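The primary structure of each chain is shown beneath.
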Amino acid sequence: MYRWEGVNEFVAVAETESFTQAARRLEVSTAQVSRQVSALETRLATRLFYRTTRRVSVTEAGRIYYQHCRQVLDALDDAERSITNLQLSPRGKLRLTAPITYGEKRIAPLVNEFVVRYPELDIEMNLTNQKLDLVGEGYDLAVRLGKLEDSSMMARRLSSRTLYVCASPQYLSAHGTPYELSELAQHNCLQGNLDYWRFQEQGHPRNVRISGNIRCDSGRALLDAALKGIGIVQLPDYYVQTALDTGQLLPLLTHYREDDDGIWAVYPHNRHLSPKVRMLLDFLVESLAQ
């Protein structure tokens, strides 16, 4: 780092042809400017200025050194402007991952809108239900649903999701409406990856085992089966909200509904959060709140 010492002072003197004016420009003492320039000349083993009581002029070696130093300082100025502009207008590569369905329904449209605002961004978005290694695979952030387990990650809450138990009016007309958790054993419960559903009873979480004639790892497939009157389903709001709003599905056992899950953005705790990532997170939080 010592190679930078005296460079700013040298350039200021070369451009102002005065140690006093250079000191004023740099807001330091004239003695400090003189000291730094003398040390630089000693290190380079050459004279950079001719000094008289009336004038300071650059030597031939000083002119050559000035040209190179000016280019370097200009490049540093450009680098600082680039960082400043990056904070004002995000640009460059940004890699994120999110669960498939939530990513398709909520995250991807918002990311696309963010790119419309900042077209110099280069987005790589991997929609997968697998939990990827963010550090090892170089992701800037991931969207995760539910309870967080990985304490090595920093997390910011983006939104929340509600789990609904629901069925079509046709199914309920044919098979009756359950009002207690114990009654689920008498119904065709459409299964996802788990053989139980999550509830809350008297303020405590409770898992209830269920069974049915369809088991599938696709929420969309289970939603379709419920809409066709095949059985009861438990799915997050982003699958069923439209069907609930239109009456195609009816909510059940609402007094046993579990508290809402968190939807989180996570990123490595040891990674500096770049302005473009922070701006995207702010945008997601604001948009999902609406």
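The structure we're discussing is the one just above.
Report follows, based on the coordinates. (Residues numbered from 1 in each chain as written. Predicted model: local features only at pLDDT ≥ 70, side-chain atom pairs only at ≥ 80, totals over all residues. Heavy atoms only, no water.)

## A few points about the packing of helix 8 (residues 219-227) against helix 9 (residues 237-246)
Item 1. Direction vectors running N to C along helix 8 and helix 9 enclose 25 degrees, while the axes themselves pass 10 Å from each other. Taken together, helix 8 and helix 9 sit at an angle that is classed as roughly parallel. Handedness of the helix 8/helix 9 crossing: right-handed. Of the residues in helix 9, those touching helix 8 at G219, R220, L223 and L227 are Y239, V240 and A243.
Item 2. The residue makeup of the contact of helix 8 with helix 9, split by class, is five nonpolar, one polar and one charged. (Axes fitted to C-alpha atoms, helices over the stretch in contact; angles between N-to-C directions. Helix = DSSP H or I, 4+ residues; strand = E, 2+ residues; numbered from the N terminus. Parallel < 35°, antiparallel > 145°, perpendicular 65-115°, else oblique. Left-handed = near helix turned anticlockwise from the far one by under 90°. Contact = heavy atoms within 4.5 Å. Nonpolar A, V, L, I, M, F, W, Y, C, P; charged D, E, K, R; others polar.)

## Things to note about helix 5 (residues 100-117)
Item 1. In this model helix 5 runs 24 Å from its N-terminal to its C-terminal C-alpha over 18 residues, within 8% of the 26 Å that 1.5 Å per residue would give.
Item 2. The sharpest bend along helix 5 comes to roughly 45 degrees, located at I107, with the proline P109 sitting one to four residues further on.
Item 3. Within helix 5 the residues assigned to the buried category are T101, Y102, G103, I107, A108, L110, V111 and F114. (Expected span 1.5 Å × (residues − 1). Bend = angle between axes of the 7 residues up to and from the residue. Buried < 20%, exposed > 50% of the residue type's maximum accessible area, 1.4 Å probe, protein only.)

## Considering the sheet that holds strand 7 (residues 163-167)
Within a sheet, adjacent strands bond to each other through the backbone by hydrogen bonds, running parallel or antiparallel.
Item 1. Strand order in this open sheet of three strands is 10-7-11, and the pairing throughout is antiparallel. Every interior strand has two partners, whereas the edge strands, strand 10 (233-236) and strand 11 (250-252), have only one. Going across the sheet, the axis of each strand differs from the next one's by a mean of 50 degrees, ignoring polarity.
Item 2. The pairing of strand 7 with strand 10 spans four bridges and is antiparallel. Bridge pairing in strand 10 links L163 to P236.
Item 3. Where helix 9 meets the sheet, its contacts fall on strand 7, strand 10 and strand 11, and the angle it forms with strand 10 comes to roughly 110 degrees. (Pairing = 2+ DSSP bridges.)

## Some remarks on the pairing of strand 9 (residues 204-209)
Item 1. Here six bridges tie strand 8 (residues 196-201) to strand 9, and the two strands are oriented antiparallel to one another. Residue pairing for strand 9: W197 is matched across the bridge by V208.
Item 2. Between the end of strand 8 and the start of strand 9, which pair antiparallel, lie two residues, with Q202 showing a positive phi angle near 55 degrees.

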